[in-house]
Amino acid sequence: LLSIYFRYFGVQSSKVSDKMQMEAGIQPLDRLMSDAELRNNDLVSISQEGLTHKQVSKGRKGRKITKKLQLKILSAWNQLMSENLDLDDLFNYRGK
């Protein structure tokens, strides 16, 4: 069925599978930030590691990001909230 769909719409199956591999769904980070009424700018402002709004947005939406970027977000979160959370508390996958 998918091959018919791909041929009909002119989409290559590898492109679809690549996109699916890059998306992890809304992350726990998003819920935590919403519950605390925080905005992306709050993490960006406190970060001393050059975190950008776009990076935080990708992290919240579940666009797969690197472990290094996950650690930057984690560091900013822990600094802002005076907590000591782990990567597993903010993300449901581990970046490469």
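The structure contained in this document is the topic of the report that follows. Nothing here was measured: the structure is a model prediction, and the numbers come from that model. Starting afresh in each chain, residues are numbered from 1 along the sequence in its written order. Selection of residues for local features in this predicted model requires a pLDDT of at least 70, selection of side-chain atom pairs for listing and counting requires 80 or more, and totals for whole chains, interfaces and linings are taken over all residues. Hydrogens and water molecules were not included; the side-chain quantities draw on all heavy atoms of the structure.

**Quick notes on helix 6 (residues 67-81)**
- Secondary structure counts use DSSP, requiring at least four H or I residues in a row for a helix and at least two E residues in a row for a strand, with both numbered from the N terminus. To estimate the expected span of a helix, count its residues, drop one, and scale the result by 1.5 Å. Over its 15 residues, helix 6 runs 21 Å from end to end, which matches the ideal 21 Å to within 8%, given 1.5 Å per residue.
- We call two residues in contact whenever any of their non-hydrogen atoms come within 4.5 Å of each other. Contacts made by the buried residues of helix 6 are with helix 3 (28-35), helix 4 (40-46), helix 5 (53-61) and helix 7 (87-90).
- Phi turns positive one or two residues past the end of helix 6, at Ser82, with a value near 50°.

**Observations regarding the side chain of Asn40**
- Relative to the assigned elements, Asn40 resides in helix 4.
- For Asn40, a relative accessible area of 18% translates into the label buried.
- The residues contacting Asn40, other than those within four sequence positions of it, are Met33, His53, Val56, Ser57 and Arg60. Remark: exposure states derive from per-residue accessible area (1.4 Å probe, protein chains only) relative to the maximum for the residue type, with buried under 20%, exposed over 50%, and partly exposed in between.

**Comments concerning unusual backbone geometry**
- Backbone geometry at Glu37 places phi at a positive 55°, although glycine is not the residue there.
- Positive phi is not limited to glycine here, since Ser82 has a value of about 50°.
- Relative accessible area serves as the criterion here: at 68%, Ser82 is assigned to the exposed category.

**A few points about the environment of Ala24**
- Relative to the assigned elements, Ala24 resides in the loop between helix 2 (13-22) and helix 3.
- Judged by relative accessible area, Ala24 falls into the partly exposed class, the value being 23%.
- Spatially, the C-alpha atoms of Ala24 and Ile65 are 9.7 Å apart, while their sequence positions differ by 41 residues.
- Not counting chain neighbours up to four residues away, the residues in contact with Ala24 comprise Gly62, Lys64, Asn92 and Tyr93.

**Some thoughts on the nonpolar core**
- Throughout this description, the term nonpolar core refers to a set of buried Ala, Val, Leu, Ile, Met, Phe, Trp, Tyr and Cys residues connected via side-chain atoms within 4.5 Å. Within the largest apolar cluster, 17 residues are counted, with the highest numbers of intra-cluster contacts made by Leu29, Leu43, Ile73 and Phe91.
- Counting residues per element, the ones that place at least two in this core are helix 3, helix 4, helix 6 and helix 7.
- Looking at which element gives the most residues to this core, the answer is helix 6, with five residues.
- Setting aside residues up to four positions removed in sequence, Ile73 forms contacts with Leu29, Leu43, Leu51, Gln55, Val56, Gly59, Ile65, Leu90 and Phe91.

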